[in-house]
Amino acid sequence: MALQRQVEFRFLAEPTHVNFGGKVHGGMVMKWIDQVAYACAAGWSGLYCVTVSVGTIRFRHPILVGHQVELVARVVQTGTTSMQVLVQVSSFDSKGGAKQETNHCIISFVALDAQGQPARVPAWVPQTDEDRFLEAYARKTKAFSQEVEQDMLDFYSGRD
């Protein structure tokens, strides 16, 4: 079985996707991100995967109804049982206009075996300067996320 490092989803933003402001709802975009990232993680590992965390998501540009939406997910770092997947979201008007990135983020997944236990994933090795940059970015994102999570745990651990 060939490992699938990258997955792309493309579709039109529909009227059912919008919020009261007429833009695609942020929660809808987050759902799409999780779906494409899951497809990528499962394609890489060949296993069922669960989302552990989502980091660095910032909505930079709105997605409008009728725009084409493109989500590209790719494995950018692996551990023993975990994968860091970068998702880049872009949109553009089908009738003309430049494609622009609306947001991006790193999602951490853990692969599970048939008994629901963490399972080993194939190692991914960076090949290009961009690969090495993205792997370092994923590592920094993960370290920051773990640090701030520990801060929260430490603060609230003595407050019962």
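In the block above lies the structure referred to throughout.
Model, not experiment: these values are computed from the prediction.

Draft legend 1. Structural view of helix H2 (residues 129–157). The first and last C-alpha atoms of H2 sit 42 Å apart over 29 residues, in line with the 42 Å expected at 1.5 Å per residue. Buried residues along H2 sit against strand E2 (48–55), strand E3 (67–78), strand E4 (82–93) and strand E5 (100–112).

Draft legend 2. A look at the pairing of E5. When you tally the buried positions in E5, you get ten out of 13 residues, the bulk of the element. Of the strand pairs in this sheet, E2 and E5 are connected by seven bridges, and their pairing is antiparallel. Residue Gly 55 lies in a different strand from E5, and its bridge partner there is Ile 106. The pairing of E4 with E5 spans ten bridges and is classified as antiparallel.

Draft legend 3. Spotlight on the nonpolar core. Counting residues in hydrophobic clusters, the biggest one holds 27 residues, and the most contacted among them are Ile 33, Leu 71, Met 83, Val 85, Val 87 and Phe 109. When residues of this core are traced back to their parent elements, those giving at least two are helix H1 (26–45), E3, E4 and E5. Sequence-distant contacts of Val 87, defined by excluding residues within four places in its chain, comprise Ile 33, Val 36, Ala 37, Leu 71, Val 72, Ala 73, Asn 103, His 104, Cys 105 and Ile 107. Core analysis: the second largest hydrophobic core is formed by five residues, Val 76, Leu 86, Leu 134 and Ala 138 among them.

Draft legend 4. Looking closely at the pattern of salt bridges. Across all of its chains, the model carries nine salt bridges by this definition. Here Glu 70 and Lys 99 are joined by a salt bridge, their closest N and O atoms 2.9 Å apart. Taken together, the positions of Glu 70 in strand E3 and Lys 99 in the loop between E4 and E5 put the pair 29 residues apart, joining distant regions of the chain. Judged by relative accessible area, Glu 70 falls into the buried class, the value being 9%. Put simply, Asp 93 and Lys 95 hold a salt bridge, and the shortest N to O gap is 3.9 Å. The exposure class assigned to Asp 93 is partly exposed, which follows from its relative accessible area of 24%.

Calculation criteria
Residues numbered from 1 in each chain as written. Predicted model: local features only at pLDDT ≥ 70, side-chain atom pairs only at ≥ 80, totals over all residues. Heavy atoms only, no water. Helix = DSSP H or I, 4+ residues; strand = E, 2+ residues; numbered from the N terminus. Expected span 1.5 Å × (residues − 1). Contact = heavy atoms within 4.5 Å. Buried < 20%, exposed > 50% of the residue type's maximum accessible area, 1.4 Å probe, protein only. Pairing = 2+ DSSP bridges. Core = buried A, V, L, I, M, F, W, Y, C linked by side-chain atoms within 4.5 Å. Salt bridge = Lys/Arg side-chain N within 4 Å of Asp/Glu carboxyl O.

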